Each structure stands twice: as structure tokens, then as C-alpha cells.
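The lines below spell out each chain.
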Amino acid sequence: MNFFSSDFKLGILGGGQLGKMLLAETRKFDIQTYILDPSSEAPSQFGATKFFRGNLMDYETVYQFGKLVNLLTIEIENVNLDALDKLEAEGLPVYPSPKTLRLIQNKGFQKDFYIENNIPTSKHQRFVGLNDLKKSLEKNKLDFPFVWKCAQFGYDGNGVKIVRSTLDLIDLPEVECIAEEMVAFKNELAVIVVRNSSGEVKNYPVVEMEFHPEANQVEYVICPARIDEEIAQKAIEIALKVSEHFNHIGLLAVEMFQTQDDKILVNEVAPRPHNSGHHTIEASYTSQFENHIRAILNLPLGNTDSKVAGIMVNLVGEEGFSGNVIYENIEKIMAIDGVTPHIYGKRETRPFRKMGHVTIVNEDMKAARKIAEEVKNSIRVISTKIE
């Protein structure tokens, strides 16, 4: 099939910043791209060939959107899977498949999948709701501390909480959830694996992630990870094993813990472009976004090696500010060599909302990390309205 400068139409469910960055690649290749997103202010609305506003969890909306395109992919997991099943049964290629998404969309299913396939992960218990979890505590079947996660619809640190006592259960929603054993870890790592339907598989180098302690969001992504080569190879082997068992098409970001005794435990995965791969736009021979497009179209995969050391700094809304966004001191960081800001196109900021990211590239990792700190301390995502 001819994808380039043709009548072929690629559909993407979700029009956030990941969709926007995917569109940079589809426009480069002159591929028609249709986007569906619930927000009239979605970042992808201006870059798509056609933009449709609609509920991603509504069966009829997703089904009718799928009938407009020749191939369907996602930039967010929370989509109506029954509609995708129907479209796939009717012959529409859907990548990743709804079968894969079902295993990943629900964190309880996902954790069970690791256990069933002998993939190292932390111990967990599943609960139909918060009351069920509380009963388990009362019967001493669950011990503090643990990590509470809602089974579905969590994102960017939402739906995750460290529970150290019953006080931490206050205000948690009555939803299906899991309780994970706390992991004493040295590092949080990630490996992105890309796979096409011909069976070609490649992986990006291991990255190290530093998280904001309060928001539970990634603050820095560091590539290559500052770990021993033996640990890096172990992480890559486990990521490839996870990818093989999910048998996905496209990208799979595998988040992992390096424990104090250097074991690698899988935390969770995302079957799409991921925050841990944003640096690849500047730092790699082929960005994660281009390789996702190559993979779902069953084209040869691009080189995943890094050209240079890369660090990503997330730009999130500063606490105390909500309203029309202002990127304070952005000119200051743009004056630094090797610094590239990416603004996602969200007009309204609020505390901890992802508004953009900055990539720092440098041949010297220590220099890159120092510049990343300068960037983080310089730019502020604020607004004219103070809360």
C-alpha cells in the first residue's frame, strides 16, 4: 500500500501532545492523518488533516471514526475497546490490538500478566473497590506501607498514592484498585521497544527517570542511564521479553525499578509514545514518534541509537497558578547551546499540568545534567492569575 502523498488515511485516537508530536512525522512523510479527541482545544487539532471532537470511551463515536480511516492507532490507552474489536473484526488494522490494550488498560490485568509469564514484578493484590481493600487490612491480609493504584484511567501520577496508614485512605475513590508492595529501589529505568508486523524489533537505550516527589511525575529523563552495563543489558533483556509476550505492534515503553540488590522489576508499560522517549527527537537517529509510525505501517524500523547524550526536562504548571500560560524565562534557556523547548499548545495552565518539555543534548553527560538543572531552575510555567 502507498502511504505517502496518497489517499491513505491514518487515524489516531487521542489528540494530546503525543498526537501532536506524531503529526510532525506524518507531515514529514505527507501521510493524511485523522484525529479524534474530546477537547476542542486539543494540541493536535491544527496539525491533523482532519480533526474530530468526540468521546474516546463512547462505542459509536470510536466505531464511526474508525470507518473513516485505513489504519487506527492510539496516543492514549483509555479508549473504547469494544469498538476496536468490532473494527478489527471487520478488517481494519488496529495497532496496538484491542487484545493487547485489554491486558494493559487495566493495571490489575497487567500485573497478573507479568506473574503468569514469569516477568519479574513487585507483589500485588487486586481489589474490586476501596471497601474490599479495607476489609483486607482489617483481616491482616495486607500490610502498610503499600502503593495504591486505581485499576483504570490513571495517568501522569493521578490514580497513584503511597499508603502508610489508614489516614492515607481518606478521599481515595471507591473504584477497582490494586495494592503493590513498596519497592526499595536505586533507580527508576525505562526501555522503549519498537516492533512491526513483520517481526522486526529494536530497542532504545535504557533511560533513567527522576520523579517529582509530590506530583509523582517525571522531572528528568536521562539517556543513557547512569548505570553499569550489566544492569543495562538486564533491563533491555527484560523489556524485550515483555514486548515479546505482549506481541504488540508499535511502541512499548517498559518502566522498571532497579532494586537495592540490582534486580530489575517491571513496574508498568505503555503501548504508545511515552514521556521517557521525548529526548529521542533531538538525541536519537530516529525519534520514538517516527519509529511508531514506521512500525504500525510495517515499514523498516529506524536506527534507535543515540547520536549524543540527551536529557529531557518536563515543563509542568507551577503550583499556585491557573489560567492563560506564560513561559517565564524561556528566552534565557533558548540562548543555551543544545537546548530545545517543545511547547504542547495548551493555552491554560494549572498546577502540575504537563505543558511542554525541554531537551538538552551534549557530548558530555555531566555537562548535559548541569545544563538541565539550570533549565529547570530558570524556566517557570506560570499565568497572569495567581491562585
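For the structure, check the block above.
Residues numbered from 1 in each chain as written. Predicted model: local features only at pLDDT ≥ 70, side-chain atom pairs only at ≥ 80, totals over all residues. Heavy atoms only, no water.

At a closest axis distance of 11 Å, the pairing of helix α5 (residues 107-116) and helix α7 (residues 229-246) adopts a crossing angle of 110°. In terms of axis orientation, α5 runs roughly perpendicular to α7. Taken together, the residues of α7 that come into contact with α5 (itself represented by Gln110, Phe113 and Tyr114) are Val242, His245 and Phe246. When grouped by side-chain class, the residues that make up the contact of α5 with α7 number four nonpolar, two polar and no charged. (Axes fitted to C-alpha atoms, helices over the stretch in contact; angles between N-to-C directions. Helix = DSSP H or I, 4+ residues; strand = E, 2+ residues; numbered from the N terminus. Parallel < 35°, antiparallel > 145°, perpendicular 65-115°, else oblique. Contact = heavy atoms within 4.5 Å. Nonpolar A, V, L, I, M, F, W, Y, C, P; charged D, E, K, R; others polar.)

Taken together, three strands build an open sheet; the order of strands is β18-β16-β20 and the sheet is antiparallel. Strand pairing shows two members of the sheet lacking a second neighbour, β18 (348-349) and β20 (380-383), which therefore form its edges. As paired elements, strand β16 (residues 323-328) and β18 share two bridges and run antiparallel to each other. Looking at the pairing, Gly323 lines up with Thr349 of β18. (Pairing = 2+ DSSP bridges.)

Tracing the backbone shows Met209 in strand β11 (residues 207-211). For the pair Met209 and Val221, spaced twelve residues apart in the sequence, the C-alpha separation amounts to 4.7 Å. The contacts of Met209, once residues within four sequence positions are left out, are Glu188, Leu189, Ala190, Val218, Tyr220, Val221, Glu255 and Ser276.

One pass over the full model with this rule turns up eleven aromatic pairs. Between Phe113 and Tyr114, the ring centres sit 6.4 Å apart and the planes meet at 70°, which makes this aromatic pair edge-to-face. A relative accessible area of 0% places Tyr114 in the buried class. Between Phe185 and Phe257 the ring centres are 5.0 Å apart and the planes differ by 25°, which places this aromatic pair in the stacked class. Of this pair, Phe185 sits in strand β9 (residues 185-195) while Phe257 sits in strand β13 (residues 250-259); the two residues are 72 residues apart in sequence, bridging distant segments of the chain. Through pairs of rings, three or more aromatic residues link up here, namely Phe3, Phe4, Phe8 and Phe29. Here Lys28 stacks its cationic end above the ring of Phe29, 5.3 Å away from the centre of that ring. When the ring centre of Tyr220 is taken as reference, the NZ or CZ atom of Arg369 above it lies at 4.2 Å. (Phe/Tyr/Trp six-rings, centres within 6.5 Å; stacked < 30°, edge-to-face > 60°. Buried < 20%, exposed > 50% of the residue type's maximum accessible area, 1.4 Å probe, protein only. Lys NZ or Arg CZ within 6 Å of the ring centre and 35° of its normal.)

With that settled, the discussion passes to the sheet that holds strand β4 (residues 71-74). Reading across from one edge, β3-β2-β1-β4 is the order of the four strands in this open sheet, with parallel pairing throughout. Each edge of the open sheet is held by one strand with a lone partner, namely β3 (50-53) and β4. Within this sheet the neighbouring strands show an average axis-to-axis angle of 20°, counted without direction. Where strand β2 (residues 32-37) meets β3, four bridges bridge the pair, whose relative direction is parallel. If you follow Tyr34 over to β3, its bridge partner there is Lys50.

Another aspect to go through is the nonpolar core. Val206, Val242 and Met256 are the most contacted members of the largest nonpolar core, which totals 24 residues. Of all the elements in the fold, those that place two or more residues in this core are α5, β9, α7, β13 and β14 (264-270). Counting residues per element, this core draws most heavily on α7, at eight residues. Apart from residues lying up to four places away in sequence, Val242 is in contact with Tyr114, Ile119, Leu252, Val254, Val266 and Val269. Counting residues in each nonpolar core, the second largest holds 21 residues, with Val339, Ile360, Met365 and Val381 among its members. (Core = buried A, V, L, I, M, F, W, Y, C linked by side-chain atoms within 4.5 Å.)

Looking now at the layout of surface pockets. By rolling a water-sized probe across the atoms, one finds the places where empty space is left. The space that makes up the second largest pocket amounts to roughly 290 Å³. Along the wall of the second largest pocket there are 18 residues; nearest its centre are Glu219, Val316, Gly317, Glu318 and Lys376. Tallying contributions element by element places strand β15 (residues 309-316) first for the lining of the second largest pocket, with four residues. Within the lining of the second largest pocket, the residues separate by chemical class into eight nonpolar, five polar and five charged. (1 Å grid on protein atoms, 1.4 Å probe; cavity = no way out; pocket = protein on both sides within 12 Å on 5 of 7 lines; lining within 4 Å. Points joined across faces, edges and corners; volume = space filled by probe spheres on them.)

Here we take up the packing of helix α4 (residues 98-105) against α5. Taken N-terminus to C-terminus, the directions of α4 and α5 make an angle of 100°; their axes are 5 Å apart at the nearest point. Between α4 and α5, the crossing angle belongs to the class labelled roughly perpendicular. Here α4 contributes Arg102, Leu103, Ile104 and Gln105 to the contact with α5, which in turn contributes Lys107, Phe109, Gln110 and Phe113. Of the residues belonging to the contact of α4 with α5, the class tally is four nonpolar, two polar and two charged.

A few words on helix α2 (residues 59-66). Among the residues of α2, Val62, Tyr63, Phe65 and Gly66 are the ones counted as buried. With its buried residues spanning 165° around the axis, α2 presents them on a single face. Packing partners of the buried residues in α2 comprise β1 (9-13), β2, β3, β4 and α3 (81-89). (Arc of directions from axis to C-beta.)

What follows is about the pattern of salt bridges. Under the defined criterion, the tally for this structure stands at 21 salt bridges. Salt-bridge contacts for Glu219 lead to Lys376; the nearest nitrogen and oxygen are separated by 3.6 Å. Here Glu219, found in strand β12 (residues 218-223), pairs with Lys376, found in helix α11 (residues 365-378); they are 157 residues apart in sequence, far enough to count as distant. Taking relative accessible area as the criterion, Lys376 reaches 23% and is therefore assigned partly exposed. Glu290 serves as the salt-bridge partner of Arg294, at 2.9 Å between the closest nitrogen and oxygen. In this pair, Arg294 and Glu290 both sit in helix α9 (residues 288-296), four residues apart, roughly one turn of the helix. Note on Arg294: relative accessible area 22%, which makes it partly exposed. (Salt bridge = Lys/Arg side-chain N within 4 Å of Asp/Glu carboxyl O.)

Keep in mind these values describe shape, not function.
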